Amino acid sequence: MTDAPTIRVEGVSKQYGDAFAVREVDLTMAPGECVAMVGHNGAGKSSLIKLMLGLTTPTAGSVRVLGADPASAAASHIRRQVGFLPENVAFHPSMTGRETLDFYARLKGANRRDNDALFERVGLEPAAVKRRVGTYSKGMRQRLALAQALLGGPLVLFLDEPTTGLDPALRQSFYEIVRDLRDAGTTVLLCSHALTELEGQADRVVVMNRGRKVADGTLATLRGLAQLPVRIRLTMPDGNVVEMTCANDDKVETVRRIACEGPAVTDIEIVQPSLDEMYAHFLRREAAE
Amino acid sequence: MNTLLIIAAKEVRDGLRNRWVVATTLLMAALALTLSFLGAAPTGTVGVGPVEVTIVSLSSLTIFLLPLIALLLSFDAVVGEIDRGTMTLLLSYPVARWQVLLGKFLGHAGIIAFATVLGYGAAGVALSMGEVEIEPESWRAFAAMIGSSVLLGAAFTAMGYLASTLVRDRGTAAGIAVAVWLGFVLLYDMGLLGLLVADGGKTLNADLLNWLLLANPADTYRLFNLTGFKNVSLFAGTAGLAAQAQVSAPVLLAVLAGWVVAPLALAVALFSRKQI
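Residues numbered from 1 in each chain as written. Chains lettered and ligands numbered in written order. Predicted model: local features only at pLDDT ≥ 70, side-chain atom pairs only at ≥ 80, totals over all residues. Heavy atoms only, no water.

Participant: How should the overall build of chain B be read in this particular structure?
Facilitator: Helices and strands together make up the secondary structure of chain B, namely 13 helices and 0 strands. When the helices and strands of chain B are placed in sequence order, the string is α-α-α-α-α-α-α-α-α-α-α-α-α. Against the globule reference of 19 Å for 276 residues, chain B gives a C-alpha radius of gyration of 20 Å, in line with a compact fold. Along the first, second and third principal axes, the C-alpha atoms of chain B reach 65 × 50 × 30 Å. Within chain B, the proportion of its 276 residues that are buried is 51%. When the accessible surface of chain B is totalled, it reaches about 11,900 Å², and 71% of it is carbon and sulfur. (Helix = DSSP H or I, 4+ residues; strand = E, 2+ residues; numbered from the N terminus. Rg over C-alpha atoms; globule rule 2.2 N^0.38 Å. Buried < 20%, exposed > 50% of the residue type's maximum accessible area, 1.4 Å probe, protein only. Areas by Shrake-Rupley, 256 points an atom, 1.4 Å probe, with all protein chains shown as cover.)

Here's what the structure looks like:
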């Protein structure tokens, strides 16, 4: 596969009446890239995903997914290669888990013989598969939702708040699946407001606020941009803890000085600004502008 | 084509699961059987066959009942799925919007067709087991009644779909469905009657009246069943009207079919532009 971007969003705005849901957003994503989109409710994350799925058409700008306009009539074939896990996923309550996945597999032209493997992969028990979706717990529905998103081995995967309602163990296996897919060359877009959870999962983070993209880059780049101080926590031999802060660029120098010239310490702990803090920072900066 | 069938099949299975199919079929069969037994009673001295009696009473009942069932089944079809969030997921699949709408419509219209054919067919079987010999002409009229009933059901299903696509709120769609039923089934004829009386035959001639009747699928259905066959119209007391009516049976059927196609085409056009 070439490294041509699978998703290209250029200058896209989406207006509902007078209100902008998305405003002048540019975004490109490459194969095998996992991008986390963060932002509070109503920041335009879901609106952007709907645009990329072709469920809505942009007021301005252009959207290209796998080289085609997702809202065009010819987009049917590209949707075969797109997986989507919606926020607040809903299924027909009177169908069983197996019937539901069969139905979606037929629509996607995926082989239904792979469904058992899919159920196992997302951790849905054979007993649960035979039950009606109406009796499912939130976690089970979410697993079924993930299973349908993985149908047919998608090249692009949109996951909107995928881990809400999942227990920590399942959350881990969920991110494992996402990592496997990414390593296999799938473009993954993860939307969440559980920021701490995304650390270490995403190659890149996009921060959205009020429909605008406020920041875009790797965690390290964002750290550099945010210029948030790094906290260094020293544990003294007598058990006291001293905390000091320094700029990210001075971190190494500071630690070296403490080790060589400073007093004897039993432990050094370096606390990088978390994604939560950086997110708060970008929102503050946006508000100040 | 395949996608259409997949979606239609899902809709039918939904109908089976939530007992819509069973309930509708039983209701239709119960009413049809009751009417056919009642209809069998006064024959002999009156000189009309039991089938004709059944056709007249059953088609009059169909006009009230079938549109109601069709609208109840269909008003939620689009707006409900958007509301619950299942539409978003469905449209992210490799399906065209017209396939979604048409597939669902085929499923719902299929349920109505099934219930009508089976329910009214049961009455036909009951009639054929009676003592009176029934002429082939009467059977043709009975079959035409069942067929046009299916068309009438499909027409109101299509209008339900249009209502469902038109609005963003389930309550509003339900309101429109009730209004459509009230308007076409009850108020239209009353209004027409009032107009005829008030006008006193000055400007409203037979031609114009024909057109006004065709502008309502329920009246088109009535016209088709009560004037289409001589024996039936004699009994229904519409023989005079039948002689006046310049609209032939095939045209009436075509108009009914038009009442299926036009709302559906409009719904598809609206749905294709809808921002979900």
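Participant: Explanation requested: the domain arrangement of chain A in the structure shown.
Facilitator: The extent of an interface is frequently quoted as the accessible surface area lost upon association of the parts. Residues and elements named next belong to chain A. Its domain assignment divides chain A into domain 1 (7-223) and domain 2 (227-288). Taking only C-alpha atoms, the centre of domain 1 and the centre of domain 2 are 36 Å apart. With 17 residues of domain 1 in contact, the opposing surface of domain 2 contributes 13 residues. Summing both sides of the interface, domain 1 and domain 2 together bury roughly 1,400 Å²; the carbon and sulfur share of this comes to 66%. Summed over the shared surface of domain 1 and domain 2, the number is 0 salt bridges. Here domain 1 is connected to domain 2 by 2 residue pairs in polar contact (both at pLDDT 80 or more). (Domains from an automatic or database assignment. Contact = heavy atoms within 4.5 Å. Buried area = accessible area lost by both parts, 1.4 Å probe. Salt bridge = Lys/Arg side-chain N within 4 Å of Asp/Glu carboxyl O. Polar contact = N/O pair within 3.5 Å; in protein donor to acceptor, adjacent residues only side chain to side chain.)

Participant: I'm lost on the interface of chain B and chain A in this one. Help?
Facilitator: Counting residues at the interface gives 24 residues for chain B, matched by 28 residues for chain A. Carbon and sulfur atoms supply 59% of the area buried between chain B and chain A, which totals about 2,500 Å² over both sides. Interface area lost by chain B to chain A is led by Arg-17, Tyr-93 and Pro-94 of chain B, which between them contribute 27%. Counting the contacts that link chain B with chain A gives 2 salt bridges. Between Glu-99 of chain A and Arg-17 of chain B there is a salt bridge, with its nearest N and O atoms 2.8 Å apart. Summed over the shared surface of chain B and chain A, the result is 10 residue pairs in polar contact (both at pLDDT 80 or more). Of all the secondary-structure elements, those providing two or more residues to the side of chain B that touches chain A are helix H1 (2-17), helix H4 (79-84) and helix H5 (86-91) of chain B. Here the side of chain B that touches chain A gets 7 residues from one element, more than from any other, and that element is H1 of chain B. Within the side of chain B that touches chain A, the residues separate by chemical class into 10 nonpolar, 6 polar and 8 charged. (Nonpolar A, V, L, I, M, F, W, Y, C, P; charged D, E, K, R; others polar.)

Participant: So what exactly am I meant to see when it comes to the sheet that holds strand S7 (residues 187-192) of chain A here?
Facilitator: Paired through backbone hydrogen bonds, the strands of a sheet run either parallel or antiparallel to each other. Residues and elements named next belong to chain A. Read from one edge to the other, the open sheet built from 6 strands follows the order S5-S6-S7-S3-S8-S9, with strand pairing classed as mixed. Taken across any chain shown, the strands that pair with only one partner, and hence form the sheet edges, are strand S5 (82-85) and strand S9 (212-217). Sheet twist, expressed as the average angle between the axes of neighbouring strands with direction ignored, equals 15°. Here strand S3 (residues 34-38) runs beside S7; their pairing, made up of 5 bridges, is parallel. Counterpart to Met-37 in the pairing with S7 is Cys-191. Here helix H11 (residues 275-288) sits on the sheet and contacts S3, strand S8 (204-209) and S9; the angle it forms with S8, its principal contact strand, is near 40°. (Pairing = 2+ DSSP bridges. Axes fitted to C-alpha atoms, helices over the stretch in contact; angles between N-to-C directions.)

Participant: What should I look at first to understand the layout of surface pockets in this one?
Facilitator: Empty space among the atoms can be located by rolling a probe the size of a water molecule over them. What the largest pocket holds in volume is close to 530 Å³. Along the walls of the largest pocket sit 26 residues, with Ser-46, Ser-47, Lys-50, Glu-87 and Asp-160 of chain A positioned nearest its centre. Elements represented by at least two residues in the lining of the largest pocket include exactly helix H1 (45-53) of chain A together with H4 of chain B. No other element matches H1 of chain A, which puts 5 residues into the lining of the largest pocket. Residue classes in the lining of the largest pocket are distributed as 9 nonpolar, 10 polar and 7 charged. (1 Å grid on protein atoms, 1.4 Å probe; cavity = no way out; pocket = protein on both sides within 12 Å on 5 of 7 lines; lining within 4 Å. Points joined across faces, edges and corners; volume = space filled by probe spheres on them.)

Participant: Explain empty space enclosed by the protein to me, please; I cannot follow it from the model alone.
Facilitator: Across all of its chains, the model carries 3 cavities of 30 Å³ or more by this definition. In this structure, the largest cavity occupies an estimated 80 Å³ of space. If you go around the largest cavity, the residues you meet are Leu-85, Arg-121, Val-122, Gln-142, Arg-143, Leu-146, Pro-162, Leu-166, Leu-170, Ser-173, Phe-174 and Ile-177 of chain A. Elements with a contribution of two residues or more to the lining of the largest cavity: helix H4 (115-122), helix H6 (138-149) and helix H7 (168-183) of chain A. It is H7 of chain A that contributes the most residues to the lining of the largest cavity, 4 residues altogether. Estimates place the volume of the second largest cavity at around 50 Å³. Looking at the lining of the second largest cavity, the elements with two or more residues in it are helix H3 (97-108) of chain A together with H1 and H5 of chain B. The element best represented in the lining of the second largest cavity is H1 of chain B, accounting for 3 residues. Tallied by class, residues from the lining of the second largest cavity come to 4 nonpolar, 2 polar and 4 charged.

Participant: Sorry if this is basic, but what is going on with the environment of Glu-125 of chain A here?
Facilitator: Here Glu-125 of chain A is to be found in the loop between H4 and helix H5 (126-129). Between the alpha carbons of Glu-125 of chain A and Met-140 of chain A there is a distance of 9.4 Å; along the sequence they are 15 residues apart.

Participant: I would appreciate a short explanation of the packing of aromatic side chains in the present structure.
Facilitator: Each pair of aromatic rings is reported with the distance of its centres and the angle of its planes. Counted under the stated rule, the structure contains 9 aromatic pairs over all chains. Note on Phe-156 of chain B and Phe-184 of chain B: the rings are 6.2 Å apart at their centroids and 80° apart in plane angle, and the pair reads as edge-to-face. Of this pair, Phe-156 of chain B sits in helix H7 (residues 136-166) while Phe-184 of chain B sits in helix H8 (residues 170-199), and the two are 28 residues apart along the sequence. In this structure Phe-156 of chain B comes out as buried when scored by relative accessible area, which is 0%. By relative accessible area, Phe-184 of chain B is classed as buried at 18%. In this structure an aromatic cluster arises from ring pairing among Phe-91, Phe-103 and Tyr-104 of chain A together with Tyr-93 of chain B. A cation over a ring is seen here: Arg-23 of chain A above Phe-20 of chain A, with NZ or CZ 4.0 Å from the ring centre. Over the aromatic face of Tyr-93 of chain B sits the side chain of Lys-108 of chain A, whose NZ or CZ is 5.0 Å from the ring centroid. (Phe/Tyr/Trp six-rings, centres within 6.5 Å; stacked < 30°, edge-to-face > 60°. Lys NZ or Arg CZ within 6 Å of the ring centre and 35° of its normal.)

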